[in-house]
Structures are given as structure tokens and as C-alpha cells.
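Structure at a glance
So you can see what is in the structure, the chains are spelled out below.
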Amino acid sequence: MSKLIPQSLMKLRQYLFLLKGRSILSLTLGIISAIGSTSPVFAAPPRNPDTAETCDILVAGGGLAGAATAYEGLLAGRTVCLTEITDWVGGQISSQGTSALDERETQRSLLFYPRGYLELRGRIKEHYGRLNPGGCWVSYSCFMPYDGHKILFNILQDAARKGKGTLKWFPNTVIKELAITPAVTGNTVGGQQIKSAIAIQHKPAANTPPLNTETLSQTIEDAYRYENSPRFNKTIIRFISKASGTPPNPPLPRGGNSTSSPPLQGGNSTSSPPLQGGNSTSSPPLQGGARGGADWYVVDATETGELIGLADVPYRLGIDPRSPLEPSSASPTGDAYCTQGFTYTFAMQATKEPQQHQVPSFYQQYAPYYSYELQRLASFPLVFTYRQIRSMRPDKKRPSDPKQFPIYPGDISMQNWTWGNDYRPGSAEDNLIYSRAQLEAAGQLQPGGWMGGLRTETLRKGEENAKGFFYWLVTGTTDSQLGDGVKKPHPNNRFLSGLDSPMGTVHGLSKYPYMREGRRIIGRPSFNQPQGFTVWEVDMSRTDFTADFYRQNLSEEEYRNLWLAVGGLNAPALAVGSQSVEDTKSRSRATIYPDSVGIGHYAIDFHPCMTNSPPEAPGNTEREGTRKAQGQAYPFQIPLRAMIPQKIDNMLVAGKSIAVSHTAAAAYRVHSFEWSAGAAAGVTAAFSLEKGIIPYELVDELPSREPNLEVLQLRLQQNKNPIAFPGTSIFNSSWQNWK
């Protein structure tokens, strides 16, 4: 009997509650699907799909990682289907509003980035006549989010033409279900494939306002329902591989106009914490060539690891347990509910005259949270110009101190502030990204039950918190962290809203929140990590592990294992007992991976969850110990093993959901990293299709030589997608000089 058949009346009631509000027909079909399904995440929709789309590569999520995946797939001549919940491509630089490129000084000075990211930087400069039209000081490039979308979309169109690939763009589209082949007997870490995906695309119903009128919390649940609603008309799309062809069932007509975005032609396509999502198990690697590859690839490039949760592959969420590999963890046991805060960004414009600002009805609830955070940051000009995205006098010389920077009428600032519009829940009652247990309890792992895996109420409160922060900036006189007498009103500013505003929304907030962390896969068992591959804190942190904290919070054996992990060339002597822990020096570089397919560099930067619920409660504090690991990181690599999930052979993961720990994820999350991971996914998918192998076969024999992996790495480098920083070697100890 299928494990999805309700095992009790209680589970049946939960499932019926999930389907509340559907038509009698869809309700009946939903129950039938639940009883008869043999797949954990696929059931027939309440009617046949309206259309079928074929792809070589299906990319879920149009952020920077998804765009980079598409970019490389198109240059390789592939047909790429790209879905995105909003109507903008670009994620951080567009729909999330964080259009300020986070870069490190040394990497930027060398311009050592993937080719597509360099093209993006070049197009920004070409569009504005300068790289930093906003004149911000947190970055060398701050610009308008709506331009981020336009510029990046043009790049993808040009890549399709240049590579003779085909881009099929599906905005306002979410993945609802996956058809996954049954598990293979005896194969505990792989052997399954995604055969098709069902998606829902929405557009405004007749006589309703345009998209981006309501906030995400007001529309997200509707977006994941099959049925037309008073607000949206829906198109159900079935994505399949090109080799599968058009399915035999013709689409059935439905009420309302059913449309899908036409493909953008670029020439002819060619054929050249606690563990989540099931148990992570160890088994011998499967031999290369045993499965004959796949006829398409599905890439999870969503901001929260949606397909990871939907496919129910093993993953982590939130804080990992303290261990020799994650020694600075704030929790001995882990905490799935304490993820990094998320942020609805907004834009504000300086005005010549004071503006009238109406107090939001919810302001008093959130006012106790807002703060400049630190005395050295307690300056409105500093905060305004920090991420300024438009400057009326870009050539005007400024003082050296940002606190003295002038603000001119017409200047526009994008706000993304920790003790401001960050919303930082950290409990089972208010966490944003549902854990596997929460997904199961909510019925989202039942057939047809997937609703995006997020808590809608927390999204809503994040939206209110962001709007309240603007009101605090312009009228507030309190500061939760610095006390009285610090904050002054600044009424000469207005909140920018409207479809022509920087965020492109009537409500003025970003279309989607800026996400710093999502579900993170556990990679497959590897030669040095039999419980599943992960990039850990010790693999990239510059932390001084001789500090008393580590001796006090790790056992003697754990402390020794920590130094075996960070000892570098000194580790063998420690391992055989010819050298003590005290005499062992830490390496001054990140781990060098034999399967590296990309690079990144950023500080380990936390926006921690709060101690109590709700996060805006008066007197609340950041969770104790959550910033312990914060600090500098060495330039790091992206191993292919971190992009390959367990169970499913034709799925890759890009962006923030690769196999990294909570601490590593705090650095593995910025713009150029996302692009590098996405580029690696795109090239790997195209390469695997060409060679008739699956990605796992590129790494399953490590540490032995992998000839096909070497060919892939050579291709990445020849295509100007770096896989290692200059001078990378176990003998190079000069990385402390990298800024």
C-alpha cells in the first residue's frame, strides 16, 4: 500500500482541510489521487495540462543562479525552460531589490569572475555610462532593480542567439508537482529521475488590477492552486524532456483565456540542522555508466530550495549541530527554525520639501525593533547613501566620511538594514521556511498539496515590518539598541511605489523578499564524508580556532578532530601522534576540492534569528551565539558534489541551496557566487547530456582520477568560468592577504 494513503482519520481530515475551497470535481480527484498515487510528489492535476513544453534543461527560479544556468545552457545550444514566481529575472538584482553587487576587494580588483557575471557588470556600465550610477558606498555598483531585470533578460536573449539555443521564459510560474521514477532496489543514494514537472502560471483575471498590485503574502497561496480564482486565471503546464515529445493526452479547454509565454527563439535548438527530507545514508558509490545518463536535467535555483522540499531529498535547514566541522555553531543540537532573516526591500527618494507621512496602523507593533544598530552607524546620511541606487550629482566629490555625505532632492536609496526591514523569526511558531516535519503536518508533501513551503503569515509580517521601517526612518525618534536622543526625524523623503517605481510594484515593496538562506541539500556519501557531502565552516573560515571557546565547548576528541580538519600540511603529523594539537598550525586557505566547478568570496555575514517570538517583541535580542562564526573567509571553491542531491540523478542544485552548512551559507550567498554556481549547473547539465552520463558519475570514483570530470573542468575554464583562484595550491599560504 502506498505510504501516501491516509493512515488514520486524522490524516484524512488534514488532507481534506488542505483541499478546502476547491471545486467538488477537484476535491474528488484529489482524494482519488491521494489513494492511488505511487509517487511521493506527483498526482494528476484536476484536469489535463493546458500545454506541454519540452526542454533540455528545466530551471526553477529566475534569480542570478537560475539566470546563469540558463545563460550557459543557451550558449551550449540547449533548449532551456526558465520558470520564475515573479515577472522579473535576476532575483537579488531585480525582484528582490538588492541591486547593490556584494563583492570583495581583491577579487574585484582582478575582475576574476565568471564570464556571464562580467558581462552583467559590463552591461550595467554600458546602460548607465558608469558602473555605479547610484553612488552607493557599500558597493562599486548600485542601480535600479527594474534595470537589473531588463539588462539581464537582454543578456539571456543574446546568449540564445549566440549559442543557437532556445529560451522558454515562464514568468509568474510555480512548480506544483514532480513525477519521479520509483526508487531502485539496493540503491540508497540515487537511481531515481524526474520525468516531468507540473507548473501553474497565473495572469490577472478580466477586470482585475495588473500583477504586482498586491504583496506576495496576498497572492502566493492563490498562485499555487490549480483553480482559476476571482484574481487569477491559471495555465497548467507540463514540462517534459525533448526526448519524451508531446504527451498523448490533448489539453482540455477551461474557462478564461489560457496562455503561456511564447519561447524566445535564438536559433535552432541542438542535441549535442537535524536532517530534513528523509534519512541520509551511506552506501558504496555506483559505478559510472550503469544508468546511461538522462534525457533532461532539472535545476533547483529557487530562493528557498523549493524543489528540494517538494522532491523530499535529504536536506538541512537552519543552524547545524556543533561539531568539529561546524565548531562555532550556536547550538549543540541544531535548530531548523533559526535561519537567517529575510528582507523586503523598498526605495525612498529625497525631496526638497517635507512630506506628510501617515502612520501605518501596525506601526506600534514593530517600532520597538528598529535601530541604527551601532553607534558608528547612527547617521541618516550614512544609511541613505549606503545603498543609494540613483544619484542626482554622481560626479560631485564627497567627503571621506559617509556621515557627511550630502543628499540631494531626487536621490534614491534602496533599504536593506538588519535592525530595520530585516524580519528575523526563529521559532516553530513563526519560521518562514517550513521544515520537513512542518511540511508533512501541513499536507504539503501529499499529492497536489505543495504550496511553496513558506509560512504566509510570516511573509505578511515581514511586509508590515518593512513599511514600518520607512516610517521610522522619516519620523521615528526611538532606537531599540542605542536608546533615546539618537534618532531624529527626516521628513524630506517619500516612499516610492507604483508599477514604474524602482521595485515595479504598486505597494512599493520588492516583488519577493531577499533570501539569505534556504533549504540546503546533503550531498551524496563521499570518500571523506560517508554521511553525505557538505561544505563546512572549517572549509573556508579564517576563525582563530585556538580561542578558549573551542576547548570549552568541544570534547578532547572533537577538539583534536577540529585541528585534523584545519591543520593542512600539519595534519598528518597530528594524525600519527608525532605532533600535538598545541604545535599544530592552522592552514591559511580554504579547502581545495578536486571536483571544483566554481568560485566565490565573501565574509561570513549573519543576520541572525531573534531569541523570542515574535521577532519584533520589545526588548528582543538576537539568538545567543549566532554571530560566533561571523568574520572573514578565505576565497573558496564550489565543489560539484555540493550540487548533486541524493536520490535523484537528473537534478542539480544551484545558488544558496547547495550542500553547505549554516555557517558556510553565510558566505556562499552573494551575487557573484550565485552566478558561478548557476554557470556550473548549466555547463554540467549540457555536458552530461552530450556525454550521456549523469553528474554523479563525474565524482563517484573520487579521490581516484575522474577523466570526464577533468574534461568538464577544462570546458568551464576554456569558457572563462573559473574553478580556482589564481595561485590555488596546498603550498600557498598567502591567502590572508586577500581582502
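Before reading further, recall that the structure is shown in the block above.
Only a predicted model underlies this, so the values are computations on that prediction, with no experimental measurement involved.

Quick look at the overall build of the protein
Helix and strand counts for the protein come out as 18 helices and 20 strands. Within the span of the protein, comprising 739 residues, buried residues form 62% of the whole. Accessible surface for the protein amounts to roughly 27,000 Å². Of this, 52% is attributable to carbon and sulfur atoms.

Observations regarding the pattern of salt bridges
Considering all chains together, one arrives at 35 salt bridges under this definition. Salt-bridge contacts for Arg 121 lead to Glu 103; the nearest nitrogen and oxygen are separated by 2.9 Å. One end of the pair, Arg 121, is in helix α5 (residues 115-128); the other, Glu 103, is in the loop between β3 (79-83) and α4 (105-110), with 18 residues separating them in the sequence. As a salt-bridge pair, Glu 517 and Arg 520 come within 2.6 Å of each other at their nearest N and O atoms.

A look at a nonpolar patch on the surface
On the surface, a nonpolar cluster with roughly 340 Å² of combined accessible area is contributed by Leu 569, Ile 730 and Phe 731. As for its position among the elements, Leu 569 is in the loop between α14 (556-566) and α15 (571-575).

Brief notes about the packing of aromatic side chains
Inspection of every chain in the model, using the stated rule, returns 31 aromatic pairs. The interplanar angle of 50° and the centroid separation of 4.8 Å between the aromatic rings of Tyr 113 and Tyr 117 together place this pair among those described as tilted. Accessibility assignment for this pair places Tyr 113 and Tyr 117 in one class, buried. Aromatic pair Phe 170 and Phe 239: ring centres 5.0 Å apart, planes at 85°, arrangement edge-to-face. One end of the pair, Phe 170, is in strand β4 (residues 166-170); the other, Phe 239, is in strand β7 (residues 232-241), with 69 residues separating them in the sequence. We note that Phe 170, like Phe 239, is buried.

As for helix α12 (residues 456-475)
For α12, spanning 20 residues, the distance from its first C-alpha to its last is 29 Å, which sits close to the expected 28 Å at 1.5 Å a residue. The buried count for α12 comes to 16 of 20 residues, which makes it a mostly enclosed element.

As for the environment of Ala 565
You can see Ala 565 is positioned in helix α14. On the basis of relative accessibility, which here comes to 24%, the residue Ala 565 falls in the partly exposed class. In this view, Ala 565 contacts Leu 325, Val 538 and Arg 587; residues no more than four positions away in its chain are not counted.

Brief notes about the pairing of strand β2 (residues 57-60)
The two faces of a sheet get side chains in turn, since along a regular strand they alternate between them. Residues Ile 57 and Val 59 line one face of β2 and the alternating positions Leu 58 and Ala 60 line the opposite face, and both faces are buried. Sheet analysis places β2 next to strand β9 (residues 297-300), joined by four bridges and oriented parallel. Its bridge partner being in β9, Leu 58 is matched across the sheet by Val 298.

Thoughts on the packing of α5 against helix α6 (residues 145-163)
One way to put it is that α5 packs onto α6 with a least axis distance of 10 Å and a crossing angle of 120°. In terms of orientation, α5 and α6 fall into the oblique class. Where α5 crosses over α6, the two elements pack in a sense that is right-handed. Facing α5, whose interface residues are Glu 119, Leu 120, Arg 123, Ile 124, His 127 and Tyr 128, α6 presents Asp 147, Ile 151, Asn 154, Ile 155 and Asp 158. In the contact of α5 with α6, the residues fall into five nonpolar, two polar and four charged.

Details of the packing of helix α3 (residues 64-75) against α5
In contact at an axis separation of 10 Å, α3 and α5 are set at 110° when each is read in the N-to-C sense. By the criterion of interaxial angle, the relationship of α3 to α5 is roughly perpendicular. Contacts between α3 and α5 involve Leu 64, Tyr 71, Glu 72 and Leu 75 from the former and Arg 115, Gly 116, Glu 119 and Leu 120 from the latter. Per-class residue counts for the contact of α3 with α5 are four nonpolar, one polar and three charged.

Concerning the sheet that holds β7
Strand order in the open sheet formed by four strands is β1-β7-β6-β5, and the pairing between neighbours is mixed. One side of each edge strand has no neighbouring strand; the edge strands of this open sheet are β1 (51-55) and β5 (173-180). Strand-to-strand twist in this sheet, taken as the mean axis angle between neighbours without regard to direction, amounts to 30°. Both β5 and strand β6 (residues 194-204) contribute to a ladder of seven bridges, which runs antiparallel. Looking at the pairing, Val 174 lines up with Ile 200 of β6.

A few points about the environment of Thr 345
Topologically, Thr 345 is positioned in the loop between β11 (342-343) and β12 (346-350). Judged by relative accessible area, Thr 345 falls into the buried class, the value being 0%. Between the C-alpha atom of Thr 345 and that of Lys 467, which follows or precedes it by 122 residues, the distance is 9.3 Å. Those residues in contact with Thr 345, other than ones at most four positions away along the chain, are Gln 96, Gly 97, Thr 98, Met 414, Gln 415, Asn 416, Asn 421, Met 503, Gly 508, Leu 509 and Ser 510. Engagement of the side chain of Thr 345 in a polar contact is seen with the backbone oxygen of Gln 96, the distance being 2.9 Å.

So, the sheet that holds β12
Strand order in this open sheet of four strands is β13-β14-β12-β16, and the pairing throughout is antiparallel. Looking at which strands have only one partner, the edges of the open sheet turn out to be β13 (388-390) and β16 (493-495). Between one strand axis and the next, the sheet turns through 35° on average, direction left out of account. Contacts from α12 reach β12, β14 (412-415) and β16 within the one sheet, and its direction differs from that of β12 by about 20°.

Some words on the state of the cysteines
Tallying each qualifying case throughout the model produces three disulfides. The residue that forms a disulfide with Cys 55 is Cys 81, at a sulfur-sulfur distance of 2.1 Å. Across the disulfide from Cys 55 to Cys 81, rotation about the S-S bond amounts to roughly -95°, and the bridge is consequently left-handed. Of this pair, Cys 55 sits in strand β1 while Cys 81 sits in strand β3, and the two are 26 residues apart along the sequence. We classify Cys 55 as buried; its relative accessible area is 0%. Cys 81 sits in the buried class, given a relative accessible area of 0%. Between the sulfur atoms of Cys 136 and its disulfide partner Cys 142 the distance amounts to 1.9 Å. Across the S-S bond linking Cys 136 and Cys 142, the dihedral sits near 85°, which makes this disulfide right-handed. Under the relative-accessibility criterion, Cys 142 is labelled buried at 0%.

Considerations on the nonpolar core
In terms of nonpolar packing, the biggest core is built from 163 residues, with Ile 175, Phe 239, Met 540, Ile 658, Tyr 668, Trp 675 and Leu 712 touching the most fellow members. Membership of the second largest hydrophobic core comes to eleven residues, among which are Tyr 550, Leu 554, Trp 563 and Val 581.

Topic: unusual backbone geometry
With an omega dihedral of 0°, the bond running from Ser 613 to Pro 614 counts as a cis peptide bond. Relative to the elements of secondary structure, Pro 614 occurs in the loop between β18 (596-600) and β19 (636-639). Despite not being glycine, Asn 172 has its phi angle at roughly 55°, a positive value. Among the structural elements, Asn 172 can be located in the loop between β4 and β5.

As for α5
Counted at 1.5 Å a residue, the expected span for α5 with its 14 residues is 20 Å, and the 20 Å between its end C-alpha atoms agrees. Restricting attention to buried positions, one finds in α5 the residues Gly 116, Tyr 117, Leu 120, Arg 121, Arg 123 and Ile 124. In an axial view of α5, the angular spread of the buried residues amounts to 160°, which keeps them on one side of the axis. Projecting away from the buried face of α5 at angles above 90 degrees are the exposed residues Lys 125 and Glu 126. Buried positions along α5 lie against α3, α4, α6 and α17 (671-691). Of the residues one or two after α5, Gly 129 is the one with positive phi, at around 85°.

The rules behind these values
- Residues numbered from 1 in each chain as written.
- Predicted model: local features only at pLDDT ≥ 70, side-chain atom pairs only at ≥ 80, totals over all residues.
- Heavy atoms only, no water.
- Helix = DSSP H or I, 4+ residues; strand = E, 2+ residues; numbered from the N terminus.
- Buried < 20%, exposed > 50% of the residue type's maximum accessible area, 1.4 Å probe, protein only.
- Areas by Shrake-Rupley, 256 points an atom, 1.4 Å probe, with all protein chains shown as cover.
- Salt bridge = Lys/Arg side-chain N within 4 Å of Asp/Glu carboxyl O.
- Patch = residues over 30% accessible without salt bridge, like charges linked within 9 Å, V, L, I, M, F, W, Y side chains within 5 Å.
- Phe/Tyr/Trp six-rings, centres within 6.5 Å; stacked < 30°, edge-to-face > 60°.
- Expected span 1.5 Å × (residues − 1).
- Contact = heavy atoms within 4.5 Å.
- Pairing = 2+ DSSP bridges.
- Axes fitted to C-alpha atoms, helices over the stretch in contact; angles between N-to-C directions.
- Parallel < 35°, antiparallel > 145°, perpendicular 65-115°, else oblique.
- Left-handed = near helix turned anticlockwise from the far one by under 90°.
- Nonpolar A, V, L, I, M, F, W, Y, C, P; charged D, E, K, R; others polar.
- Polar contact = N/O pair within 3.5 Å; in protein donor to acceptor, adjacent residues only side chain to side chain.
- Disulfide = S-S within 2.5 Å.
- Core = buried A, V, L, I, M, F, W, Y, C linked by side-chain atoms within 4.5 Å.
- Arc of directions from axis to C-beta.

What is shown is where atoms sit, not what they do.
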